[in-house]
Every structure is written in structure tokens, then in C-alpha cells.
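# Topology and contacts: notes
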Amino acid sequence: MIDPASSLLRPALGCVLCAALPLLAAETSCRTQPSLPLPPEGRSIVGSDDWLRPGNLRFGLAHPARFMPGSRIEPPARTERKTPPQRQIDVDRMQVLDPADGVERSLRHILDNRIDADGVLVLRRGRVVLDYRRTGFDPANPRLLLEATHPILAMMLVKASAEGLVDRSKGVDRVIPELGGNKGLGKLSLTRLLHGRTGFEWTPGERERWRQEAGWMPGGRVGVRAWLTARSPWPRNASSGADQPSGPEGELLLWAAEKASKKPAAQLLCELQSGIRAQDAAFWASDGQGTPLADGLALSLRDFAALGQGLLDVRARPGRRALVPAWFVDTLAASPSGHGLPASWRGLGDDGAWQYRFVNPGGAGHRAAILGAYGTSLYIDFDRATVVAIYATHPERASPLLMASLRRSWDALAVGQRPASSGRE
């Protein structure tokens with residue numbers, strides 16, 4: 001016989017548990033807050049039309065929320081991990097061959113004069129061995145990654161595929177129904193989009209329109225996805241040299257990741273933050289319609305380095321983290337087997353490769369890198385368990401000298417001393 005008193009208690013107990021669930025979830029989830037740029041006060045020297053010009057980059061990249069709408073994502077609260085001190089790298093005593101003239105100079109000279117580094121964080125086996133900062137740089141402040149966001153989007157899409165949420169052999173138009181009916185997209189698989197080998201052609205006028213619709217410059221009217229949906233046809237070039245690391249097609253990568261996972265960008269980022277044990281808030285810029293942008297993620301330097309450490313951990317202890325599948329990290333770490341580097345990055349070396357939008361700079365060993373604009377990069381040496389995270393504001397988006405300087409600096413910091421001559425003087 002059922003006790004009437006207990007039957008009355010069950011609904012009440014259920015209500016108590018229901019009320020407690022949001023509190024429990026709050027302890028493990030992120031907090032997302034919409035963000036709108038404030039109206040300029042007085043006569044601002046840096047405005048919405050020039051905040052990403054070379055002379056303003058250092059300020060603009062560090063303060064994207066002043067110029068773009070978006071979302072601020074606070075990661076789950078975590079206790080900062082204390083690690084035993086380790087001998088620090090001395091950037092004044094470490095010598096590197098300057099690729100400009102082959103003369104041996106200090107690493108500080110290369111960082112300051114060839115890369116224009118604002119902050120460099122080096123982790124070796126999880127311990128900080130270099131925390132290099134230009135005056136005023138805050139390693140906890142989220143900074144805009146621009147096209148360095150794309151490899152992170154590729155990770156999110158690969159994770160969705162590994163979880164059985166999407167078949168990578170599917171055409172882009174099947175994953176993004178809004179783009180259905182276009183033959184050019186129907187012949188393009190998600191795999192090719194992931195690798196950045198789409199062959200899409202974009203005229204200078206289309207690139208300018210993309211920047212306007214995304215909100216990187218004034219003039220947008222409908223938003224970036226509505227503009228992409230209306231585009232027809234989608235011409236392609238069979239030549240692999242037509243592919244570029246930055247451009248409108250990145251928006252397809254983010255759109256596909258959201259569709260495949262059935263999660264908004266902010267939730268995908270929250271999962272990433274949890275996976276890398278992020279310490280700082282992130283920012284994700286959006287267009288005027290509230291759509292997150294493929295070049296719009298901003299992470300702190302500490303969390304950018306933590307991303308590299310997360311990939312190291314996946315390979316060292318496969319199965320312990322759900323950041324990405326272990327096979328993905330093994331593919332990145334293997335000897336170069338992908339496509340050749342885009343033309344703007346070939347200063348890294350003739351033996352480099354590009355796959356899943358990550359760079360393998362070539363040479364012996366297991367390594368991979370995320371390469372962004374203006375010298376920003378994340379280098380992972382799997383053999384030495386070393387991560388090199390660099391935020392920089394070089395006046396050129398990419399140049400042979402900048403690429404060669406990054407390669408020399410990565411090698412030197414991973415080894416801990418000046419690398420032997422590699423024949424690229």
C-alpha cells in the first residue's frame with residue numbers, strides 16, 4: 001500500500017532537485033554575456049574604420065569588443081594550477097641566426113625587430129619556462145586571433161564527426177541546408193573544407209564585401225551568412241595554389257561546425273574552454289545580425305598556450321580528454337604529408353605542409369603549428385613536450401622574413417638553445 005504522505009513528498013522532492021539542477025550546471029558551464037561596442041567618447045583617435053590598420057593593430061587586436069558586437073564567454077571556475085618553477089629561458093643570452101642576414105643575434109632582437117612580439121609564453125612539460133611581455137601586454141586579456149581561429153574550428157568539426165554527428169564525406173550543401181541547390185557546393189565535401197583545399201575563387205570586390213558584411217569595416221547590410229546564401233555561382237579553381245588561409249570560406253567552416261554539432265558557437269567554445277582548463281574569459285565577435293564570425297575568436301595568451309598543452313595531453317594520454325580524437329593529433333604530429341603551404345607562408349620552409357588548417361613546418365620530428373596573421377602563432381613540439389605561444393603585431397600580415405623568423409624562434413625555444421644551421425641562411 002502506498003503511503004499518501006510519501007506520494008505527496010515525491011513531487012516536492014522532484015521540485016527541489018529541479019531547482020538544484022541549474023545550480024549544479026552553473027558550476028560546470030560557462031557564462032555568456034552579449035557585448036555591444038560603446039559609442040565613441042569625444043574624438044577617438046582609433047575608430048571602427050581603421051582599428052585593424054597596421055599602426056593601430058596593437059590596440060585593436062587587444063580590444064575587439066570596443067569595435068565589434070559579440071559575446072563574452074567566462075569559462076567554468078577553476079583553481080589555477082601551481083607548477084614547480086623551472087629554469088627560465090634567457091632571451092638576451094639565447095642566440096639565433098637572424099634570417100635577414102645570417103648574423104647571430106639575441107632571441108630578444110628577433111622577437112622585437114623581426115616578429116614584433118607583444119607576448120610569448122613557452123611551456124615545457126606543462127611548466128612555464130618563458131613569459132615574455134612587451135610593456136603593457138596582459139597575458140590574461142582576450143586577443144583577436146583572426147584566421148588563427150580556423151584550425152580551432154576544424155577541431156570542433158572533427159570532434160563532431162568523431163562523435164558520429166556528421167559524415168565528413170557529405171557535401172557542404174547537405175550539412176548547411178540554407179546553401180542547398182548550388183552545384184558548386186554540392187561537389188565540395190566537408191573533408192576538403194576542413195583541409196582548406198576548396199579552390200573557391202573570390203574576387204577583390206567579394207573579399208571587400210565579405211569584410212563589410214562581417215563588420216570588419218563599415219558598409220555591411222545583410223550580414224555575412226545572408227550574403228553567402230545569396231552568392232551564386234561558387235566558382236572554383238582546380239589549381240591548389242588558389243587556396244588562401246584567410247577569406248570568406250572560413251565562415252562556412254564555422255557554420256558547418258554549428259550545424260553538425262547542433263550547438264551555437266558559444267557552447268562549442270565553452271566545451272573547448274573546459275577541455276583546456278581555460279583560466280580567462282574569451283570574446284567571440286559577431287556581425288551586425290548577431291552571427292559569430294570565423295575570424296572573430298579572441299583568447300588570452302595563457303589560454304592559447306593551454307590549447308597547445310591540451311593537444312600535447314591528447315597525444316600523451318589518449319582517451320583521457322575529449323578535446324579531439326587521438327588520431328587527429330597523431331595526424332598533425334606526423335611527418336609532413338598534407339598539401340604544400342599557401343604561397344604567403346612558404347617562407348617557413350620548402351618542406352612544410354598544411355592539413356586540417358594546421359601547419360607542419362617540416363623537418364625531422366613531430367610538430368604542428370597554428371599560424372595566424374601578423375606573427376601570431378602557436379607551435380607544438382610533441383617530441384620535446386613544448387608549446388610556444390606568440391601574440392605579435394608585425395606590420396605585414398605575412399612576409400618571407402616574418403615566416404623565417406618565426407621558424408627560427410620556434411626551433412630555438414623548443415630546443416632551449418640556438419638550433420643548428422639548417423641550410424636556410
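The paragraphs below set out a description of the structure included in this document. (Residues numbered from 1 in each chain as written. Predicted model: local features only at pLDDT ≥ 70, side-chain atom pairs only at ≥ 80, totals over all residues. Heavy atoms only, no water.)

With that settled, the discussion passes to the packing of helix α12 (residues 301-316) against helix α13 (residues 326-333). For the pair α12 and α13, the least separation of the axes is 9 Å and the interaxial angle reads 105°. Accordingly, the angle class assigned to the pair α12 and α13 is roughly perpendicular. Residues Leu-311, Val-314 and Arg-315 of α12 lie in contact with α13, whose contacting residues are Ala-326, Val-329, Asp-330 and Ala-333. (Axes fitted to C-alpha atoms, helices over the stretch in contact; angles between N-to-C directions. Helix = DSSP H or I, 4+ residues; strand = E, 2+ residues; numbered from the N terminus. Parallel < 35°, antiparallel > 145°, perpendicular 65-115°, else oblique. Contact = heavy atoms within 4.5 Å.)

Attention now moves to the state of the cysteines. Applying the stated rule across the entire model yields 1 disulfide. Across the disulfide, Cys-30 is cross-linked to Cys-270 (sulfur-sulfur distance 2.1 Å). The disulfide joining Cys-30 to Cys-270 has a torsion of about 95° about its S-S bond and is therefore right-handed. Of the two residues, Cys-30 sits in the loop between α1 (4-28) and β1 (31-35) while Cys-270 sits in helix α11 (residues 265-276), which places them 240 residues apart along the sequence. (Disulfide = S-S within 2.5 Å.)

Evaluated as defined, the whole model comprises 25 salt bridges. Of the charged contacts in the structure, one is a salt bridge between Glu-74 and Arg-72, with a shortest N-O distance of 3.1 Å. Taking the shortest distance from any N to any O, the salt bridge between Arg-407 and Asp-411 comes out at 3.6 Å. With Arg-407 and Asp-411 both in helix α14 (residues 400-415) and 4 residues apart, this pair spans about one turn of that helix. (Salt bridge = Lys/Arg side-chain N within 4 Å of Asp/Glu carboxyl O.)

This paragraph deals with the side chain of Asp-280. Tracing the backbone shows Asp-280 in the loop between α11 and β8 (282-286). For Asp-280, a relative accessible area of 7% translates into the label buried. Within the structure, the side chain of Asp-280 is placed 2.4 Å from the side chain of Arg-302, a separation counted as a polar contact. Residues contacting Asp-280, with those up to four places away along its chain left out, are Pro-75, Pro-139, Ala-140, Gln-273, Ser-300, Arg-302 and Asp-303. (Buried < 20%, exposed > 50% of the residue type's maximum accessible area, 1.4 Å probe, protein only. Polar contact = N/O pair within 3.5 Å; in protein donor to acceptor, adjacent residues only side chain to side chain.)

What follows covers the packing of helix α4 (residues 149-162) against α11. One can describe the packing of α4 onto α11 by two numbers: an axis separation of 11 Å at closest approach and a directional angle of 90°. With respect to α11, the element α4 is oriented roughly perpendicular. Contacts from Ile-152, Met-155, Met-156 and Lys-159 of α4 reach α11 at Leu-268, Leu-269, Glu-271 and Leu-272.

Below, the discussion takes up the packing of aromatic side chains. In this structure the tally under the stated criterion is 15 aromatic pairs. One aromatic cluster is present, formed by Trp-51, Phe-59, Phe-67 and Trp-216 through successive ring pairs. For Arg-231, the ring lying beneath its charged end belongs to Trp-202, and the centroid distance is 3.9 Å. Just above the ring of Trp-234 sits the side chain of Arg-231; from NZ or CZ to the centre is 4.9 Å. (Phe/Tyr/Trp six-rings, centres within 6.5 Å; stacked < 30°, edge-to-face > 60°. Lys NZ or Arg CZ within 6 Å of the ring centre and 35° of its normal.)

Right, let's talk about the sheet that holds strand β2 (residues 70-74) for a bit. Read from one edge of the open sheet, 5 strands run β1-β2-β8-β9-β7, paired in antiparallel fashion. In the strand order of this sheet, the two ends are held by β1 and β7 (143-144), each with one partner. Two elements, β1 and β2, share 5 bridges in a ladder whose sense is antiparallel. Looking at β2, one finds that Pro-34 is bridged to Ser-71. Taken strand by strand, helix α10 (residues 250-261) contacts β8 and β9 (292-299), and its axis lies near 85° from that of β9. (Pairing = 2+ DSSP bridges.)

Moving on: the side chain of Thr-291. Considering the arrangement of structural elements, one finds Thr-291 in the loop between β8 and β9. What makes Thr-291 buried here is its relative accessible area of 15%. Apart from the residues lying within four places of it in its own chain, the contact partners of Thr-291 are Arg-225, Ala-285 and Ser-286.

Compared with the 16 Å implied by 1.5 Å per residue over 12 residues, the 17 Å span of α11 between its first and last C-alpha is a close match. Against β2, α4, α10, β8, β9 and α12 lie the buried residues of α11. (Expected span 1.5 Å × (residues − 1).)

Here we come to the pairing of strand β6 (residues 127-133). For a regular strand, side chains alternate in direction, first toward one face of the sheet and then toward the other. Examined bridge by bridge, strand β5 (residues 117-124) and β6 share 6 bridges and lie antiparallel to one another. From the neighbouring strand, Gly-119 faces β6, where its bridge partner is Arg-133. The hairpin turn running from β5 into β6, its antiparallel successor, is 2 residues long, and Arg-125 in that turn takes a positive phi close to 55°.

Another point: unusual backbone geometry. Cis geometry marks the peptide bond from Ser-232 to Pro-233; its omega dihedral reads 0°. Its place among the elements puts Pro-233 in the loop between α9 (224-230) and α10. Positive phi outside glycine occurs at Asp-116, with the angle close to 60°. Within the secondary structure layout, Asp-116 lies in the loop between α3 (107-115) and β5. Within the chain, Arg-277 stands out as a residue other than glycine whose phi angle is a positive 55°. Along the chain, Arg-277 turns up in the loop between α11 and β8. Its relative accessible area of 29% is what places Arg-277 among the partly exposed residues.

A separate point is the environment of Tyr-356. For Tyr-356, the position within the fold is in the loop between β10 (353-355) and β11 (358-360). Relative accessible area serves as the criterion here: at 6%, Tyr-356 is assigned to the buried category. Between the alpha carbons of Tyr-356 and Leu-153 there is a distance of 9.6 Å; along the sequence they are 203 residues apart. Those residues in contact with Tyr-356 that lie beyond four places of it in its chain are Pro-151, Ala-154, Val-158, Arg-168, Leu-194, His-195, Trp-327, Phe-328, Thr-331 and Leu-332. A polar contact is formed between the side chain of Tyr-356 and the side chain of Arg-168, at a distance of 3.1 Å.

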